[in-house]
Every structure is written in C-alpha cells, then in structure tokens.
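Here's the letter readout for the chains.
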Amino acid sequence: MNAFVIGNIGTLVTNDPSLGAGPLGVRHDAAVAFSDGRVGWVGDSARAPAGDHGVDLGGRALLPGFVESHSHLVFAGDRAREFSARMTGTPYTAGGIRTTIEATRAASDDALEANARRLLNEALRSGSTTVEIKTGYGQTTRDELRGVRIASRVTDEVTLLAAHVPPPEYAGRADDYVAMVCAEMVEACAPYAKWIDVFCERGAFDEDQSRAVLKAGVAHGLVPRVHGNQLGQGPGVRLAVEVGAASVDHVTYVSASDIDALAGGSTVATLLPGADFCTRNDYPGARALLDAGVTVALGADCNPGTCYTTSLPFCIALAVREMHMTPEEAVWAATAGGAKALRRGDIGTLSIGSRADAIALDAPSYLHLAYRPGVALVREVFKDGTLIISGGQR
C-alpha cells in the first residue's frame, strides 16, 4: 500500500460514528493511513498497513484539522487602543470598523497579502487546516475587489462582506451604499468569491438592507452567510434561515423563536466566543441551541478590532468554560461543525475518503484542549496527507 501511516495513536477522533465510539467516532490505540491526499484506512494500531513513510505518535492524540469558518484576514493596521478602552469600560459598537477601513484602503496589495499569509500561518500552527476569509475593510468597489482577489490567492473559501458597515463617505446614507453594493460591487467581486455576507445589526444594516445584499449575491452565484444577533436580539437569525444561509454567525442574543427557526432549518449557528471575550459581551447560549438540535460551529473570528486571535484551541476552551459545551461538543463544533458551516463534506472528519487534514496534539486526548487552556498543544499538522508542521514548526 502506497501510504503515509500514522500509528500508535492514543486517542483518535474521526468524527465518524461508524469508525469509533460516540459522535466523535473515538478509537484508542489506533492508526490511520493517508494515500493520495485522502484517508485510506482507519483501524487498530496493531493492524496498520505497511507504508512508505510514517509517524509513531507514541500514544498522543490525532484529530481532524480545525475548520475555521469565520475570519477577517485582509486588513491593515490594528486597534489595540480600542481594545484597551473596552477593557476599561467603553462598550463595543460597530463603528470601530471604520478605523480599519481607512488603514486597509491606504495599504498596498503586497502588504495586505503578506499580513493575510502571516495570519494564515499562525492559524495553521494552531491547527486550522481550512480557513474562510472575509473582505469588508475596503468598501469601495476597487478595494473590495482587491480584497477578494487577495483572499482567493490564499484560500478557496472567500466571502464578500461588502456590507460590513456603511463606510464614512456614506454616513447617514446606508440605503445609497446598499444600492451601490447591489448594482456594482457584487457583480465585480463575485468571480473571486464563493460566499456573500452581511452584518445585520444595529449600527450596520437593517433587515431590508441585508436582504437586498444577500439577494444580489445569490443572483451572481454566491451563497449567503449572515453576521447576526451579536449586539442584541434582531432579525439576523430569522433572515438567515429565510434565505437558506449556510450559517449565521455570533448568535449571542436569540429568542425562543430564533432557536426554533434554526432547529427547523439547515442554517448552522456559528458561535464566536473569542469576540465575546474581547468585547466583554455576553457569551452565546450554546446549551439552549444544542439541546434544541441546532447544528453549532465554533470560529475564531480573527479580526483587528474585536477578536485578534487565530486560535481555535483558545475558543474551544472558552466554549467549554463559558458556554457550557462539553469538550466533545466543542471539538466537534470546531471541526465537523465548521465544515458544515462551509457546506463541505470532505473536511472536518477522518472518514475513509475524507481529505487527509489532521492535527496531532502533544497530549494523550482531545480533552486537553480545554483542560490546558493557553498551551500550544498542536505539534504536527498534516494537510492533504503531507506533514507540513512538525514539532510545532513549519
């Protein structure tokens, strides 16, 4: 068998219940074989096939690579002072985004791409083998087009977030900005994107404006996503379910009817606890969503204003401690849940035929991701069956 074999796995998470115990499909003393960039075999370590190359994990854990389904990596500058002000009592509003818009417009393409690649490498070192990237800090047709082109050079999961907030030159004229986005910006940017997103929130865009942006995206072949219900209860969740969005993200403030709508639809609720940590916002009620049968994903939401982290392990720890998710639920949400939020069936699992994207921990179990918060536990990263990070270094 022409394969790369990983053996002597203490705890293997497959996310495939047909291969192991529980929703995580857990096996112990296991092995996997990768062939041609895919998972070719899963079983007991003693029965592992011979391979051309291999790694002995010495009893450590192996998981599917994390799937980061919500990030904003095409930007310039930072907002450290804004963060400091929030930590001393200034409440978060959506208006700080305009600071990043100014810096991003002034930056060169090379500078924006270098920063995006830097953050992608940082995310990879913490185990994220798939990363979605949004635009939203340009907000002219020229600058949003730059954003989707740059993002498309570094990921297949590109989201046009043209409607992030009304930019400064459209202050008080959100309807005019939405009209321009729908008439001009979406058409120009759609060839480089897969998704269309909108910030449906007070201080950003209302329900009718958000619906118009999403419909314009759909008309140009893009699939909807929604930022919603971050700062208070509002129409975001309801709109996302109405338009069949792949995910609605943040979902911090939801009503019983919002939960029922999510449970009855196909839209994934993507929770972003890092953003709530960094804004001192309330944490989402993950327990109510999960108990209602809603599909939940976890994202890191790396952005310069409200959550400047690429670490899904950090978000897993927050989800367990602050959102009352079990470690199993949090790990599933950061892997298979993220894949569902991107409507991908080939990642987020280590099923036979899945992409061979995996991470090995410097720990015997996935439980250590929450048990040892803040510790860099990801030691090896495999992408398409190739070992690209070893000993924590690329």
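Our structure is the block above this text.
Heads up: these notes are all about the structure in this document.

Cut-offs used in this document
Residues numbered from 1 in each chain as written. Predicted model: local features only at pLDDT ≥ 70, side-chain atom pairs only at ≥ 80, totals over all residues. Heavy atoms only, no water. Phe/Tyr/Trp six-rings, centres within 6.5 Å; stacked < 30°, edge-to-face > 60°. Helix = DSSP H or I, 4+ residues; strand = E, 2+ residues; numbered from the N terminus. Buried < 20%, exposed > 50% of the residue type's maximum accessible area, 1.4 Å probe, protein only. Lys NZ or Arg CZ within 6 Å of the ring centre and 35° of its normal. Salt bridge = Lys/Arg side-chain N within 4 Å of Asp/Glu carboxyl O. Core = buried A, V, L, I, M, F, W, Y, C linked by side-chain atoms within 4.5 Å. Contact = heavy atoms within 4.5 Å.

The next thing to look at is the packing of aromatic side chains. What the rule picks out here adds up to seven aromatic pairs. Their ring planes at 85° and their centres at 5.3 Å tell us that F277 and F314 sit as a pair that is edge-to-face. Placement of F277 in helix 9 (residues 273-279) and of F314 in helix 11 (residues 312-322) is noted, with a sequence separation of 37 residues between them. A relative accessible area of 26% means that F314 is categorised as partly exposed. An aromatic cluster of at least three residues, connected via ring pairs, comprises F4, F34 and F382. For R225, the ring lying beneath its charged end belongs to W195, and the centroid distance is 4.4 Å.

All told, the structure shown has 26 salt bridges when counted by the stated rule. For R146, the salt bridge goes to D109, with nearest N and O atoms at 2.7 Å. On the criterion of sequence distance, the pair formed by R146 in helix 4 (residues 141-152) and D109 in helix 3 (residues 109-125) is long-range, its members being 37 residues apart. The class of D109 is partly exposed, set by a relative accessible area of 34%.

A separate point is the nonpolar core. In terms of nonpolar packing, the biggest core is built from 89 residues, with L63, L289, L298 and L361 touching the most fellow members. At seven residues, the largest contribution of residues to this core is made by helix 5 (residues 174-189). Setting aside chain neighbours within four positions, we find L289 in contact with V251, I259, L262, A269, L271, V294 and V296. If you look at the next biggest cluster of nonpolar residues, it comprises 17 residues, including A30, L350, A358 and A360.

Another point: unusual backbone geometry. Its identity is not glycine, yet D301 carries a phi of approximately 60°, on the positive side. Assignment of secondary structure puts D301 in the loop between strand 15 (296-298) and helix 11. On the accessibility criterion, D301 (2% relative accessible area) is buried. Phi at R343 is positive, roughly 50°, even though this residue is not glycine. Among the structural elements, R343 can be located in the loop between helix 12 (327-341) and strand 16 (358-361).

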